Amino acid sequence: FFNIPIITTNYDTMIESAFDNMGSKDAYSTIVDGTDLHPRKRIPIFKVHGCASKPESIVLRMSEEGLLSGWKAVMFEQHVSGRTIIVAGYSGLDFEICPAIQQTKPTSIYWNAFSTNDLSPNALHLARSQELSNRLTFLEGDMGHVFQSRKHRFSQSNRSIKQTIQTQIDPLETQMWRFDFLTPS
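All residue numbers refer to positions counted from 1 along the written sequence of the respective chain. Predicted model: local features are reported for residues with pLDDT of at least 70 only, side-chain atom pairs are reported and counted for 80 or more only, and whole-chain, interface and lining totals are derived from all residues. No hydrogens and no water enter the side-chain calculation; it runs on all heavy atoms of the structure.

## Section: the overall build of the protein
Quick note on the threshold: A run of DSSP states H or I qualifies as a helix once it reaches four residues; a run of E qualifies as a strand once it reaches two. Both are numbered from the N-terminal end. Each residue's exposure class comes from its accessible area (1.4 Å probe, protein chains only) as a fraction of the maximum for that residue type: buried when under 20%, exposed when over 50%, partly exposed otherwise.
For the protein, the count of helices and strands is eight helices and six strands. Of the regular secondary structure in the protein, the N- to C-terminal order runs β-α-β-β-α-β-α-β-α-β-α-α-α-α. Per-residue burial over the protein gives 39% buried out of 185 residues.

Here is the structure:
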């Protein structure tokens, strides 16, 4: 496996179950508190809002949500700053994630949304920010075919995800997505 960090706001244990079902129980480390910030030789699964397997870690109230601070800010920056990130299955509605993305300055962002009509004001704010507008690409529709058809390449290649995506998505098509998204209807 790649040692690519997974950051999620979901409480469920579906990601862990997927690894377990593939016989890869030792491939990941679920992070819900500041005790294991550097899982060695494991894929970090950083659960920003906690995990069902540790009920005391779950963030349930909006008052508990705010800008990432402390160990969460360190963890987020460690795994996002200067990297290409892929956002999938995330609306951007949480108060802390989009500001944290903007603050940590990823190299590039590919944000998959089934429909650009579903994007939150927070996600749209990122698209309009001067810092990120040229590094953020919204990919509209079901991108499963990109990942499914290249599953073998993802698991056995040492190329970065950004390079892999760039070889799968025509640059003109990417520009058209940007144009379509940023052009008011």
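## Details of the sheet that holds strand 2 (residues 28–31)
Rule in force here: We treat two strands as partners when DSSP finds at least two bridges between them. In this analysis, axes come from line fits to C-alpha atoms, helices being fitted only over the stretch in contact, and the angle between any two N-to-C directions falls in the range 0 to 180 degrees. Between two residues, a contact is recorded if the distance between any of their heavy atoms is within 4.5 Å.
In space, the three strands of this open sheet follow the order 1-3-2, with parallel pairing throughout. Every other strand in the sheet has two partners, leaving strand 1 (6–8) and strand 2 as the edge strands with one partner each. In this sheet, adjacent strand axes meet at a mean angle of 15° when their direction is disregarded. Across four bridges, the pairing between strand 2 and strand 3 (residues 43–47) is parallel. Its bridge partner lying in strand 3, Tyr28 is registered against Ile43. Set on the sheet, helix 1 (residues 14–21) makes contact with strand 1, strand 2 and strand 3; between it and strand 3 the angle comes to about 155°. Against the sheet, helix 2 (residues 70–80) makes contact with strand 1, strand 2 and strand 3, and its axis sits at roughly 135° relative to strand 3, the strand it touches most.

## A few points about helix 3 (residues 97–104)
For helix 3, the tally of buried residues reaches six of eight residues, placing the bulk of the element in the interior. Regarding helix 3, the residues found buried are Ile97, Cys98, Ala100, Ile101, Gln102 and Thr104.

## Considerations on unusual backbone geometry
Phi is mostly negative for residues that are not glycine, and the peptide bonds are mostly trans. The backbone of Lys105 sits at a positive phi, close to 55°, despite the residue not being glycine. Following the sequence through the fold, Lys105 ends up in the loop between helix 3 and strand 5 (108–113).

## Quick word on the sheet that holds strand 5
Overall, parallel pairing links the three strands, which are arranged 4-5-6 in an open sheet. Of all strands in the sheet, those bounded by a partner on one side alone are strand 4 (84–88) and strand 6 (136–140). If you compare each strand with its neighbour and ignore which way they point, the axes differ by 15° on average. Pairing of strand 4 with strand 5 involves five bridges; the strand directions are parallel. Of the residues in strand 5, the one forming a bridge with Ala88 is Asn112. Sheet strands in contact with helix 4 (residues 121–128) are strand 5 and strand 6, and its direction is about 135° off that of strand 6.

## What about the pattern of salt bridges?
Where we set the bar: Salt bridge criterion: a side-chain nitrogen from Lys or Arg within 4 Å of a carboxyl oxygen from Asp or Glu.
If you walk through the whole model with that rule in mind, you get four salt bridges. Asp26 serves as the salt-bridge partner of Arg42, at 4.0 Å between the closest nitrogen and oxygen. One end of the pair, Arg42, is in the loop between strand 2 and strand 3; the other, Asp26, is in the loop between helix 1 and strand 2, and 16 residues separate them in sequence. A relative accessible area of 30% places Arg42 in the partly exposed class. Looking at Asp26, the relative accessible area reads 59%, which means it is exposed. The shortest N-O distance in the salt bridge between Lys105 and Glu131 comes to 3.7 Å. Of this pair, Lys105 sits in the loop between helix 3 and strand 5 while Glu131 sits in the loop between helix 4 and strand 6; the two residues are 26 residues apart in sequence, bridging distant segments of the chain. The exposure class of Glu131 is partly exposed, given its relative accessible area of 35%.

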